[in-house]
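Spelled out from the first residue to the last, the chains are:
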Amino acid sequence: MNKQLRPAVIAGNWKMNKTPAETVALINEIKPLVANADCKVICAVPFTGLTAALEAAKGSNIAVGAENCHWAKSGAFTGEISADFLTALGVEYVIIGHSERRQYFGETDKTVHDRTRAALDSGLKVILCVGEQLEDRENGITTELVRLQTKIALKGVSADELKSVIIAYEPVWAIGTGKTATAEQANEVCKAIRNLIAELYGADSANGLTVQYGGSMNAKNADELVAQPDVDGGLIGGASLVAADFAVIVKAASK
Ligand code: PGA
């Protein structure tokens, strides 16, 4: 982290977990534990839990996010949710391009770009996920791949709009597997992303960009990860569903 230059952000990605009632219970449990956080705290919850989460988080320092949005404003896209629907609810953040969307729902770099564009056009803040598969890492193409994913997603995004973007580096092999990237590996790729942003937008934009690490980040390893200069927090899956664990991670980023 480098809090002089950019905010540290801890975001929970609840994935397909928690009914609306369970959402209220978990937010209420998290609230007092993170009330004194010296970092930004976000809970990204399923669409059906957004209203409940917003209500429960009202007046607290917890921001609410969705986990995806469609690229069109409205239309014949059965089962989809547009960015405008999210802003109309009062949602502030949306996760775009999570590897589970890429893996199971046919998400491509092009659709990640389109969804990012739509989210920014609607006034949402975006947590843009990028990351390599194990095979890519073994083939030595991690940096190139992550650069490409980032570049395609951000095509046409202005420097001003970039202020509403957080990038989450999530090595796919580390997600939900208990295998965490080492702090050095995490920092290396987060730094590579920042270098790319410097090339595309200049040093000020790069220095101001929050780059998170995600992938089996937990109460035990959070300290070491966020101590890295280019790791500005985390996108947390499993551990974000346990209030006490999530709070420990928030505390690590509050130092
Ligand atoms: P995990 O998930 O913390 O359970 O590995 C991270 C993520 O998918 O964002």
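Going by the structure above, here's the rest.
Numbering of residues starts from 1 in each chain and follows the order in which that chain's sequence is written. A pLDDT threshold of at least 70 governs which residues receive local features in this predicted model, and a stricter bar of 80 or more applies before side-chain atom pairs are shown or counted, although totals over entire chains, interfaces and linings include all residues. As a rule here, side-chain values cover all heavy atoms of the structure and leave hydrogens and water aside.

Visitor: Pulling in residues and values, what's your account of the state of the cysteines?
Guide: Any two cysteine sulfur atoms within 2.5 Å of one another count as a disulfide. If you walk through the whole model with that rule in mind, you get zero disulfides. Left unpaired, C43 is separated from the closest cysteine sulfur, that of C39, by 11 Å.

Visitor: Go over the pattern of salt bridges, please, and point to the residues and values.
Guide: Between Lys or Arg on one side and Asp or Glu on the other, a salt bridge is scored when a side-chain nitrogen of the former is within 4 Å of a carboxyl oxygen of the latter. Counted according to the given criterion, the structure contains 20 salt bridges. A salt bridge links R101 to E107; the nearest nitrogen and oxygen atoms lie 3.9 Å apart. Connected via shared salt-bridge partners are R6, R194, D230 and D232.

Visitor: Outline the site of the ligand, supporting the account with residue identities and numerical values.
Guide: What makes a residue near a molecule or strand is one non-hydrogen atom of that residue sitting within 4 Å of it. Residues in close proximity to the ligand total 13 residues, the closest being K15, H98, E170, G176 and S216. Counting of polar contacts relies on pairs of N or O atoms within 3.5 Å, with two restrictions inside protein: one atom must be capable of donating a hydrogen and the other of accepting it, and residues adjacent in sequence are counted only when both atoms are side-chain atoms. K15 has a polar side-chain atom sitting 2.7 Å from an oxygen atom of the ligand. Within the backbone of G238, a nitrogen or oxygen atom sits 2.9 Å from an oxygen atom of the ligand. Classifying every residue of the shell around the ligand gives four nonpolar, seven polar and two charged. For this classification, the nonpolar set comprises Ala, Val, Leu, Ile, Met, Phe, Trp, Tyr, Cys and Pro, the charged set comprises Asp, Glu, Lys and Arg, and every other residue, Gly included, is treated as polar.

Visitor: Any chance you could break down the layout of surface pockets for me, citing the residues and the numbers?
Guide: For the largest pocket, the calculated volume is near 450 Å³. Residues are called lining when one of their atoms sits within 4 Å of a cavity or pocket point, these points coming from a 1 Å grid over the protein atoms alone, where a cavity is a set in which a 1.4 Å probe fits but cannot get out and a pocket is an open set with protein on both sides within 12 Å along at least five of seven lines. For the largest pocket, the lining is made up of 18 residues, of which K15, M16, E67, R101 and F105 are closest to its centre. For helices the rule is a DSSP run of H or I covering at least 4 residues; for strands it is a run of E covering at least 2, with both sets numbered from the N terminus onward. Here the element with the most residues in the lining of the largest pocket is helix α4 (residues 99-104); it accounts for three residues. Partitioned by chemical class, the residues of the lining of the largest pocket number eight nonpolar, five polar and five charged. Grid points are joined across faces, edges and corners, and a volume is the space filled by probe spheres set on the points. One number sums up the size of the second largest pocket: a volume of about 280 Å³. In this structure, the second largest pocket is lined by 16 residues; those nearest its centre are L162, K163, V165, G208 and T210. Mapped by element, the contributors of at least two residues to the lining of the second largest pocket are α8 (159-162), β6 (165-169) and α10 (203-208).

Visitor: An account of the pairing of β6 is needed here, citing residue identities and associated values.
Guide: Of all five residues that make up β6, five are buried, and the element is covered over most of its length. Burial along β6 is two-sided: the face carrying V165, I167 and Y169 and the face carrying I166 and A168 are both buried. If DSSP finds at least two bridges between two strands, the strands pair. Pairing of β6 with strand β7 (residues 211-214), which is carried by three bridges, proceeds in the parallel orientation. Across the sheet, A168 pairs through a bridge with Q212, a residue of β7. Partly exposed residues are those whose accessible area sits between 20% and 50% of the maximum for their type, while under 20% is buried and over 50% is exposed, using a 1.4 Å probe and protein chains only.

Visitor: Pulling in residues and values, what's your account of the nonpolar core?
Guide: One finds I30, V94, I167, I193 and Y213 to be the most contacted residues of the largest nonpolar core, which totals 68 residues. Any two residues whose heavy atoms approach within 4.5 Å are treated as being in contact. When neighbours within four sequence positions are excluded, I30 is seen to be in contact with W14, C43, I62, S240, A243 and F246. Throughout this description, the term nonpolar core refers to a set of buried Ala, Val, Leu, Ile, Met, Phe, Trp, Tyr and Cys residues connected via side-chain atoms within 4.5 Å.

Visitor: Run through the packing of helix α1 (residues 20-34) against helix α12 (residues 243-253), naming residues and quoting values.
Guide: Each axis is a line fitted through C-alpha atoms, and for a helix only the stretch in contact is used; angles between axes span 0 to 180 degrees, taken between their N-to-C directions. Orientation of α1 relative to α12, taken along the N-to-C sense of each, is 35 degrees, at an axis distance of 9 Å. α12 is crossed by α1, and the crossing has right-handed handedness. Together, L26, E29, I30, L33 and V34 of α1 and A243, A244, F246, A247 and V250 of α12 make up the contact between the two elements. Taken together, the residues of the contact of α1 with α12 sort by class into nine nonpolar, no polar and one charged. For a crossing to be left-handed, the near helix must be turned anticlockwise from the far one by less than a right angle; the clockwise case is right-handed.

Visitor: For the sheet that holds strand β2 (residues 40-44), give the residues involved together with the corresponding values.
Guide: The eight strands are arranged β1-β2-β3-β4-β5-β6-β7-β8 in a closed barrel whose pairing can be described as parallel. Here the strands of the sheet are splayed against their neighbours by 25 degrees on average, with no regard to which way each runs. Looking at chain direction, strand β1 (residues 9-13) and β2 are connected through five bridges and run parallel. Paired with N13 across the two strands is A44, which belongs to β2. Set on the sheet, helix α5 (residues 109-121) makes contact with β4 (93-96), β5 (125-130) and β6; between it and β5 the angle comes to about 165 degrees.

Visitor: Hey, could you go over helix α7 (residues 142-153) for me, with residue numbers and the actual values?
Guide: Each helix should span, by expectation, one fewer than its residue count multiplied by 1.5 Å. For α7, built from 12 residues, the straight-helix expectation of 16 Å at 1.5 Å per residue is met to within 8% by its first-to-last C-alpha distance of 17 Å. Buried within α7 we find T142, V146, Q149, T150 and A153. All buried residues of α7 project into a common sector of 95 degrees when viewed along the axis, lining one side. Considering only its buried residues, α7 is in contact with α4, α5, β5, α6 (134-138), β6 and α9 (183-201). To obtain the arc, one takes the directions from the helix axis to the C-beta atoms.

Visitor: Which residues make up the pairing of β1, and what values go with them?
Guide: One face of the sheet, then the other: side chains in a regular strand alternate in exactly this way. Burial runs high along β1: five of the five residues are buried. Of the two faces of β1, the one carrying V9, A11 and N13 and the one carrying I10 and G12 are both buried. Crossover handedness is defined here as right-handed if the route from the first strand over the helix to the second strand goes clockwise, with the strands pointing away from the viewer. Following the chain from β1 across α1 to the adjacent parallel β2, one finds a crossover that is right-handed. Bridge analysis of β1 against strand β8 (residues 233-236) gives four bridges, and the strand direction is parallel. Note that in β8 the partner of I10 across the bridge is G234.

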